[in-house]
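# Understanding the architecture of this molecule
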Amino acid sequence: MKKQLKIISMLTLLTIIVAGSLYARGDQDATAGGLKQYTIFLGRPAEDYPKEGTILGNWIEEKTGVRLKWEFPVGDLRQKVGLIIAGGDYPDLIDCRNENQALYDAGAFIPLDDLIEKYGVNAKKLYGKRIDMLRKDDGHIYWFPQLFPYGDKVQRTYESLGLYVQKRVLKEFGWPIPKNLNEAFDMLIEYCKRHPETDGNKTYAYTALTAGWREFALTNAPHVFSGHPNDGVADVDWVGGKWKVLPYWANEAAYKVYKLYNKIHLAGLYDTESFVMDYDQYLAKLASGSILAFCDQHWQFERVRNLLRDQEPKDRWWVGLPVVMEGYKENLEGPLDAQVSEGVGITVDCKDPVGAFKYLDFLLSEECQIAKQWGFQGTDFEIDENGLYYRTPEQIERWDDTKFIDYKFGQRYWIEICGWHHSSCYSDGKNAVSHRSQPAVFYARLKDTEKEVLDAYGKKTWYDFFNPPDMRRAKYFPLWTIKLPTGGVEDICLKRIEEIRRKYIPLLIMAEPGKYDAVWKEFLDVFNKIPDKEKLVAYYQKNLDDRVEMSGGY
Amino acid sequence: MNSKTSFINRLLNQRLLLLMSVPFVIHIILFRYVPVFGWVMAFQNYKPNRPMLDQQWVGFEQFTNLFGDYQFLYALRNTLAMSAIKLVMGTIFAVLVAIMVNETKRGPFKRTVQTISYLPHFISWVVAANLVLEFLAPNGLFNDILTGIGIVDERVLWMGKPELFWWIIGWSHVWKTCGFGAIIYLAAMTGIDPQLYEAADMDGAGRLRRIWHITLPGIKPVFVILLIMNIGQLLEAGFEQQFLLKNGLVQDYAEVFTIYILRYGLQMYRYSYAAAAGIFKSVVSILLLFTANRISKKLGEETLM
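Residues numbered from 1 in each chain as written. Chains lettered and ligands numbered in written order. Predicted model: local features only at pLDDT ≥ 70, side-chain atom pairs only at ≥ 80, totals over all residues. Heavy atoms only, no water.

This part takes up the overall build of chain A. The secondary structure content of chain A amounts to 23 helices and 15 strands. For a compact globule of 554 residues, the expected C-alpha radius of gyration is about 24 Å, and chain A comes in at 26 Å, within 12% of that figure. Based on the C-alpha atoms only, the size of chain A along its principal axes is roughly 80 × 70 × 60 Å. In chain A, buried positions account for 55% of the 554 residues. Sequence-distant contacts in chain A: of pairs separated by 6 or more residues, those separated by 24 or more amount to 74%. Put simply, chain A shows about 24,200 Å² of open surface, and 54% of that area lies on carbon and sulfur atoms. (Helix = DSSP H or I, 4+ residues; strand = E, 2+ residues; numbered from the N terminus. Rg over C-alpha atoms; globule rule 2.2 N^0.38 Å. Buried < 20%, exposed > 50% of the residue type's maximum accessible area, 1.4 Å probe, protein only. Contact = heavy atoms within 4.5 Å. Areas by Shrake-Rupley, 256 points an atom, 1.4 Å probe, with all protein chains shown as cover.)

Moving on, we come to the packing of helix α4 (residues 70-103) of chain B against helix α8 (residues 162-190) of chain B. Residue and element names in this part refer to chain B. Where α4 contacts α8, the axes come no closer than 6 Å and their chain directions differ by 40°. By the criterion of interaxial angle, the relationship of α4 to α8 is oblique. Between α4 and α8 the crossing geometry is right-handed. Its residues assigned to classes, the contact of α4 with α8 comprises 22 nonpolar, seven polar and two charged. (Axes fitted to C-alpha atoms, helices over the stretch in contact; angles between N-to-C directions. Parallel < 35°, antiparallel > 145°, perpendicular 65-115°, else oblique. Left-handed = near helix turned anticlockwise from the far one by under 90°. Nonpolar A, V, L, I, M, F, W, Y, C, P; charged D, E, K, R; others polar.)

Residue and element names in this part refer to chain A. On the basis of which strands lie adjacent, the open sheet formed by four strands has the order β8-β11-β5-β12 and mixed pairing. A strand with exactly one partner marks an edge of an open sheet, and here the two such strands are β8 (204-207) and β12 (318-321). Within this sheet the neighbouring strands show an average axis-to-axis angle of 25°, counted without direction. Contacting β5 (161-166), β11 (291-297) and β12, helix α13 (residues 298-309) runs over the sheet at an angle of about 145° to β11. (Pairing = 2+ DSSP bridges.)

This next bit is on a nonpolar patch on the surface. All names here are of chain B. A contiguous nonpolar surface patch, about 990 Å² in accessible area, is contributed by Val22, Val25, Ile26, Ile28, Ile29, Leu30, Phe31, Tyr33, Val34 and Phe37. With respect to the helices and strands, Ile29 occurs in helix α2 (residues 15-33). Ile29 gets classed as partly exposed once you look at its relative accessible area, which sits at 45%. (Patch = residues over 30% accessible without salt bridge, like charges linked within 9 Å, V, L, I, M, F, W, Y side chains within 5 Å. Salt bridge = Lys/Arg side-chain N within 4 Å of Asp/Glu carboxyl O.)

Facing the 27 residues of chain B at the interface are 31 residues of chain A. Broken down residue by residue, the surface that chain B buries against chain A is led by Leu249, Met268 and Tyr269 of chain B, which jointly contribute 25%. One can count three salt bridges joining chain B with chain A. In this structure, the salt-bridge partner of Lys503 of chain A is Asp252 of chain B, at a minimum N-O distance of 2.4 Å. At the junction of chain B with chain A, the criterion picks out 10 residue pairs in polar contact (both at pLDDT 80 or more). Of all the elements in the fold, those that place two or more residues in the side of chain B that touches chain A are α4, α6 (125-136), α12 (251-254) and α13 (257-265) of chain B. With three residues, the top contributor of residues to the side of chain B that touches chain A is α13 of chain B. Across the side of chain B that touches chain A, the residue classes tally to 12 nonpolar, nine polar and six charged. (Buried area = accessible area lost by both parts, 1.4 Å probe. Polar contact = N/O pair within 3.5 Å; in protein donor to acceptor, adjacent residues only side chain to side chain.)

Take the side chain of Gln55 of chain B next. Residue and element names in this part refer to chain B. Turning to its location among the elements, Gln55 is positioned in the loop between β1 (44-45) and β2 (56-57). Accessibility expressed as a relative area gives 5% for Gln55, which makes it buried. With near-sequence residues (within four places) excluded, Gln55 lies in contact with Gln44, Asn45, Tyr46, Lys47 and Arg50.

We now examine the pairing of strand β13 (residues 343-346) of chain A. Residues and elements named next belong to chain A. Where burial is concerned, the two faces of β13 agree: the one with Gly343 and Gly345 and the one with Val344 and Ile346 are both buried. Where strand β3 (residues 93-95) and β13 come together, two bridges link them in antiparallel fashion. Within the sheet, the bridge partner assigned to Leu93 lies in β13 and is Ile346. Sheet topology places strand β4 (residues 143-145) next to β13; three bridges connect them, and they run antiparallel. Residue Trp143 lies in a different strand from β13, and its bridge partner there is Gly345.

Here we come to the packing of aromatic side chains. With the rule as written, the count across this model stands at 78 aromatic pairs over all chains. With centroids separated by 6.0 Å and ring planes inclined at 40°, the aromatic side chains of Tyr206 of chain A and Tyr270 of chain A adopt a geometry described as tilted. Here the residue Tyr206 of chain A occupies a position in strand β8, and Tyr270 of chain A occupies one in the loop between α11 (252-266) and α12 (279-287), the gap between them amounting to 64 residues. Each member of the pair, Tyr206 of chain A as well as Tyr270 of chain A, carries the same accessibility label: buried. Measuring from centroid to centroid gives 6.5 Å for Trp213 of chain A and Trp299 of chain A, while their planes differ by 15°, and the two rings are stacked. Here Trp213 of chain A is found in the loop between β8 and α9 (216-219), whereas its partner Trp299 of chain A is found in helix α13, with 86 residues between them in sequence. Among the aromatic residues, those joined into a ring-pair cluster are Phe67, Phe72, Phe257, Tyr260, Tyr264, Tyr273 and Phe280 of chain B. Sitting above the plane of the Tyr264 of chain B ring, Lys495 of chain A keeps its charged end 5.6 Å from the centroid. Lying across the ring of Tyr273 of chain B, Arg270 of chain B places its NZ or CZ 4.0 Å from the centre. (Phe/Tyr/Trp six-rings, centres within 6.5 Å; stacked < 30°, edge-to-face > 60°. Lys NZ or Arg CZ within 6 Å of the ring centre and 35° of its normal.)

Using the criterion set out here, one finds 45 salt bridges over all chains in the structure. When the shortest N-O distance is used, the salt bridge between Lys285 of chain A and Asp271 of chain A registers 3.0 Å. Here the residue Lys285 of chain A occupies a position in helix α12, and Asp271 of chain A occupies one in the loop between α11 and α12, the gap between them amounting to 14 residues. Overall, the relative accessible area of 16% leaves Lys285 of chain A in the buried class. Residue classification places Asp271 of chain A among the buried residues on the basis of a relative accessible area of 0%. Look at the salt bridges and you will find they share partners, linking Glu215, Glu499 and Arg502 of chain A together with Glu255 and Arg263 of chain B into a network.

Turning next to the nonpolar core. Judged by nonpolar contacts, the single largest core of 136 residues is most densely connected at Tyr206, Phe225, Tyr258, Tyr261, Trp462 and Leu479 of chain A. A per-element tally of this core places α8 of chain B first, with 11 residues. Setting aside chain neighbours within four positions, we find Trp462 of chain A in contact with Thr157, Tyr158, Glu159, Arg305, Trp317, Val319, Phe442, Leu446, Glu450, Val453 and Leu454 of chain A. Counting residues in hydrophobic clusters, the runner-up holds 57 residues, among them Trp59, Leu126, Ala356 and Trp414 of chain A. (Core = buried A, V, L, I, M, F, W, Y, C linked by side-chain atoms within 4.5 Å.)

For chain A, the average pLDDT comes to 90, and 94% of its residues sit at 70 or higher. Counting interchain partners and residues more than four positions distant, the pLDDT-below-50 stretch residues 25-31 of chain A has six contacts. (pLDDT = per-residue confidence, 0-100.)

Residues and elements named next belong to chain B. Residue-level pLDDT values for chain B average 89, and 99% of them are 70 or greater. Within chain B, helix α1 (residues 2-13) has the poorest average pLDDT of any element, 84, and α2 the best, 93. Listed scores for the predicted complex are pTM 0.82 and ipTM 0.76.

What follows is about the sheet that holds strand β1 (residues 36-42) of chain A. Sheet strands line up and pair through hydrogen bonds in the backbone, either parallel or antiparallel. Residue and element names in this part refer to chain A. Spatially, five strands are ordered β2-β1-β3-β13-β4 in an open sheet, and the strand pairing comes out mixed. Each edge of the open sheet carries a strand with a single partner, namely β2 (66-71) and β4. Averaged over all pairs of adjacent strands, the angle between their axes in this sheet comes to 25°, without regard to strand direction. Of the strand pairs in this sheet, β1 and β3 are connected by three bridges, and their pairing is parallel. Opposite Leu42, over in β3, you have Asp95 as the bridge partner. Where helix α14 (residues 353-363) meets the sheet, it contacts β1, β2, β3, β4 and β13, and its direction lies at approximately 155° from that of β13.

Here it is in structure tokens:
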């Protein structure tokens, strides 16, 4: 009896193992299905690719004869990338977002220059003269960026960042555009005095996102409020006929901005809990409607904004304003950014680089961009007699269902691979790459509560609130896509600067009356001791100069 | 000759047992000894995915960088401080809970108390940290209570006070683990001969006397062994707890060794640096363990080895 039991259990175990391995193999065979197959690792969290396929995906498969086998990160991307590198076993195609530099350092990518020369019909068309911007410091091209502007025409409807002020505040004060940050803050404090409570919660004049890498909403404030477009790590100013990298980490603008924040704190109206909140808590707090203003980038809180816009009372969402500090030139928007630090490349482990390249080149085509961004004519969009694309109300509804668009249509999987900049125009020169930037769709999607604001200010789009960009910047913009060599002295130095600012900015904002200057001095003492700052700035300057050089010089 | 054959005989007799132990021996060799060879990368400027001979050798540079970094010294201080707080508070409260549970009569009350006290152990830190954050938030329960009974006038941002962070870690550790930690002491207490208690009763010892003279000495061997093991773990102040509770305001007091290695080593792809820090940690841990063991031996107490 005992022996029988033993044998039976052994047999069961064996069956499970065999069945398991067979299942794994069967799974692999099923995805091939007569098509060429490439594996891809995409550094953006997404659900597993649907087994039954997607509308966009099936169309791409039909066009290219290629099926992708997707892998997505679970948890921290950095650690996953570290593992991929340490394992040395790469998928055919890889896009690790801002960690691409580490893969490059490990020699994971093959250079694409020859392939572009031979097969890159669409690559040449998109990148054109600016193709040199894609080159790494060794002169080769290794990946196609996530975003790249096409042509010169720009069509924008949304701002990218600014001071966001709640609609009810603007309404109460008769739709002003504050002259400077000081005036804006006075307005917020005054509003808080008049309405100390919002639905039973305390009304706060100001908050700032501080969670993890998203903390730039707080740390970039000197950059934003001194009127710079989003260069990220440092200001870039036109000095003596050249673009010069000027860090704002401890400059005068930083001193002034946080002093103004301190003023709100001293009035008891700064949401100090924000210093210990994570991203979800930040969004939850915004969603409560009790925060009057903050500085951030549009995409970080768009979900909450849209939620509040559709909810009663309909004046708790925020309008982006181009406010800067007194004495600084107002110029907030930047040119369309060529986001060259992130993108998809072919790895050294790919057995068929030519086939993989041709696949990527198809993804770069205008035909594919239109399918990705607009869908298919008849079901997703229509073309009017002037050749302009638009969507019917039903189609707009279909495309506002993000779940459907992401996973049934399949946009989420391809949207950030080989992209054209969503605010560029197609080769016909009139249709915007993304429907968000197309005026017809923008107006059709506007809610009444939004129209009220636009009408009150006499503006057509949210973008119109801001100054047009200084197009001379297009030769390098933006600075933040210059990546430091991983683990080098510059990298460590930047990390230390971030660390110290992370500690002292809250201390500055929360300084007691009359103590601000003392805290600032203490901050400067610690800050000045950080070694290698000159090397860090020099590194950015050199890479910026190289970019300008590649884009044709001054 | 005789002993040799008997050894072989024993070997043959126990072949099944030997066979069963093989996987574990292989496992230990593979995952505990083989990785030690990786320590050589601490003396290199290791770049992944390149053969060992192509690596650049840098001698003790990684170690000098490590000890020269003030951030590392902070991390070391915080690790030791938080470990010590957790060790002392965790042990005291675990023993206290064990004694109190042991002194209650058997029955539903005892079981309920025990279950409730060890439940937090099974919550992951991700959830537990959020509970702590909510509890201590300016409009959280703790501030409600304090302002309610008038101890403080204004709500306090507890998580933003650097000087309190170690204690928040300590108390949340006690809350989460004392019930579970008590189980092992409770088990030791059931092993105490009931005759001792009866004899003490006869001699007229009260409850506190019995605890002091019988219960506590009864669990001493377990207590000492656990203490030695925990001292060996002094450089392991935890990871999730601090990682999830820290923020910019308290970072100088919150960064522990493991987080430091993650941030300045692995996240920056500085594998050599992380390896150097790892070696330092292993060596110190082994030294601590041996020292504690030796002291315990000298005092005539239980030892681990």
